[in-house]
Structure formats: C-alpha cells, structure tokens
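Observations on chain architecture
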Amino acid sequence: MTPVAPLRLAGVGQEYGTGRAAVRALDGIDLDLRPGELLAVMGPSGSGKSSLLAIAGGLEVPTEGRVEVDGVDIIALDPAERATIRRRSIGYVFQNYNLIPSLSAVENAEMPLQLDGASPRAARAAALAALDEVHAADLAGRFPEELSGGQQQLVAIARALVGRRAIILADEPTGALDSVTGEQVMIALRDHIDAGAAGILVTHEARFAAWADRTVFLRDGRIVDRSRDDSIADLLTRP
Ligand SMILES: Nc1ncnc2c1ncn2[C@@H]1O[C@H](COP(=O)(O)OP(=O)(O)OP(=O)(O)O)[C@@H](O)[C@H]1O
Ligand SMILES: [Mg+2]
C-alpha cells in the first residue's frame, strides 16, 4: 500500500480578479511531500510563492486543482472543518508574521494549541519550549510592538513549531533575521522535519534552500523544470 502523502497539490491554479484585471498567480502546480521531507520553493518576487503556500495551508481556495492533507481533500471541506485541519496539522509562518498585537509572545505562540482545546498549562509549556527552540525564550512576556521585526519573526516561527504538527509551511521565515539567527531557525525547522514533519520553505536565499531535501523554482506561477532551464542561476541571484 502506498503511504498517504501528508501534503499533495494536484493541478493547482489560482487566478486573482476577473476579466481584464485577472492575474494568473499559479498554473498547473503538482507537488507531493513525504513525511520527513523539506521542500524549498524559490523564485522571483511575484512568481506565486506566497500564493502556493497559502493554498497548501488551506488559507486560500484555489481556482482549480486539489489540495490533500493526509489524503483528505481540504477544498471539499467547509471552512470550519478546514480551519480545524489547519490548526491541528499545519504550522504556518506568514511572510508578514501576523502576530496578534494584544497578546504577548508566549500567548501568540500558544494560540494554535489554545484554539485546539489544549489545557492552558500544556499550551503554555509547549509555547515556551517552542520559543526556546528558536532561542527566543527571553521574549516570552513581551508584546509584538515591543519587538523588532526579527524578534517578531522568531515568535511567528515558534507559533508554527508549537505542538509538533505534521506540516510546517514557512514563508520567508529568515527574511528579517541575521545569518546566525537564520541558521538557528533552520536548525529548529530541520529538527522538526527530521522528527517526521513535512515542510515547505519559501526563500530567496540559496544558503537556506540548501537545508531542504529538494528545491523547486517558480516563475510566473509555474514550476520551472530545472533540467531544461538555463536561467536558474539568474533566479537564485535576484532579490
Ligand atoms: N490577493 C491578491 N489579489 C490580487 N492579486 C494577488 C493577490 N495575491 C497575490 N496576487 C498576485 O499574484 C502574483 C503572485 O503573488 P505572490 O504573493 O504569490 O508572489 P511571491 O512569489 O510570494 O512574491 P514575493 O517574493 O514578493 O513575496 C503577483 O502578481 C501578485 O500581485
Ligand atoms: Mg511572497
């Protein structure tokens, strides 16, 4: 029996807007992730990386195609059921962090577990452990407005790692970090992957993509075939 992929995208396309204003953000995306596999997604600005991640994470419904989490077609679910799968199975790092301003760092990090009905004590312990994994335990009591961009990013990563969920989707998680902190985050992410999670890492930087098991390149919403494209080096070096 073939094991069920933790995450599968098949024929995914996404169009924003309608008529002449329509933007084709993604086209014919097929991806399969195995447990214990980290996939890096690279590509120029506007190539569809964040759209791909939002669809993979059930945050957006694509115009076409299927998205399966553990064999379940999440597009066919109603929004409440989709939200439950998202909370239980998917840790998501937003490109713009999306921390809740009225909650402290540790309260932000424990949010997914709180929403899923964990006991306050268990949620707090897991959130502190997740902050510690990204070397941000000392930020626990601070509020987002008291944190630098990089510190907010660390809290956002802790929130994605909390509770050791099966899928981790990270949109430029090292974008605001210096190289030492970026490495620390990659160590924590890699540790979760090696423990059996599946992950997608969107990054502009080849040195972070090097932590992944494989890399796909997006251009104009399509996965570029590495073997036939001479301009991969060009994609890698563009901001
Ligand atoms: N909500 C939206 N409404 C309309 N157009 C959108 C929306 N989200 C994304 N787009 C468009 O879809 C395309 C892909 O955007 P996306 O944000 O996925 O790119 P990206 O690769 O993540 O870029 P970056 O590297 O700058 O983060 C772009 O042309 C963008 O303008
Ligand atoms: Mg993006």
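Below or above, wherever it landed, is the structure these notes cover.

The rules behind each value
- Residues numbered from 1 in each chain as written.
- Chains lettered and ligands numbered in written order.
- Predicted model: local features only at pLDDT ≥ 70, side-chain atom pairs only at ≥ 80, totals over all residues.
- Heavy atoms only, no water.
- Core = buried A, V, L, I, M, F, W, Y, C linked by side-chain atoms within 4.5 Å.
- Buried < 20%, exposed > 50% of the residue type's maximum accessible area, 1.4 Å probe, protein only.
- Helix = DSSP H or I, 4+ residues; strand = E, 2+ residues; numbered from the N terminus.
- Contact = heavy atoms within 4.5 Å.
- Donors = N, O, S within 2.8 Å, 3.2 Å for Na, K, Ca; no water.
- Near = heavy atom within 4 Å.
- Polar contact = N/O pair within 3.5 Å; in protein donor to acceptor, adjacent residues only side chain to side chain.
- Areas by Shrake-Rupley, 256 points an atom, 1.4 Å probe, with all protein chains shown as cover.
- Nonpolar A, V, L, I, M, F, W, Y, C, P; charged D, E, K, R; others polar.

**A short note on the nonpolar core**
L38, L131, V134, I157 and L189 are the most contacted members of the largest nonpolar core, which has 42 residues in total. Elements supplying a minimum of two residues to this core: β3 (38-42), α3 (105-115), α4 (120-133), α5 (149-161), β7 (167-171), α6 (179-194) and α7 (206-209). Ranked by the residues each element gives to this core, the list is headed by α5, at 7 residues. Contact partners of L189, with chain neighbours within four places excluded, come to L38, I168 and L201.

**What to know about the coordination of the magnesium ion (ligand 2)**
The protein atoms that coordinate the magnesium ion (ligand 2) are S50 (OG) and Q95 (OE1), at distances spanning 2.0 to 2.4 Å. Taken together, the positions of S50 in helix α1 (residues 49-56) and Q95 in the loop between β6 (90-93) and α3 put the pair 45 residues apart, joining distant regions of the chain. For Q95, a relative accessible area of 45% translates into the label partly exposed.

**Quick word on the side chain of R82**
Mapped onto the elements of the fold, R82 is located in helix α2 (residues 79-89). Those residues in contact with R82 that sit more than four places away from it in its chain are G58, V61, I74, I75 and L77.

**Details of the site of ligand 1**
Not every one of the 13 residues close to ligand 1 is listed here, only the nearest: S45, G46, K49, S50 and S51. In the model, an oxygen atom of ligand 1 is placed 2.5 Å from a nitrogen or oxygen of the S45 side chain. Protein chains bury 61% of the 630 Å² of accessible surface belonging to ligand 1 in isolation. Elements represented by at least two residues in the shell around ligand 1 include exactly β2 (23-33) and α1. Top contributing element to the shell around ligand 1 by residue count: α1, with 3 residues. Across the shell around ligand 1, the residue classes tally to 4 nonpolar, 8 polar and 1 charged.

It is worth stressing that arrangement in space is one thing and function is another; only the former is reported here.
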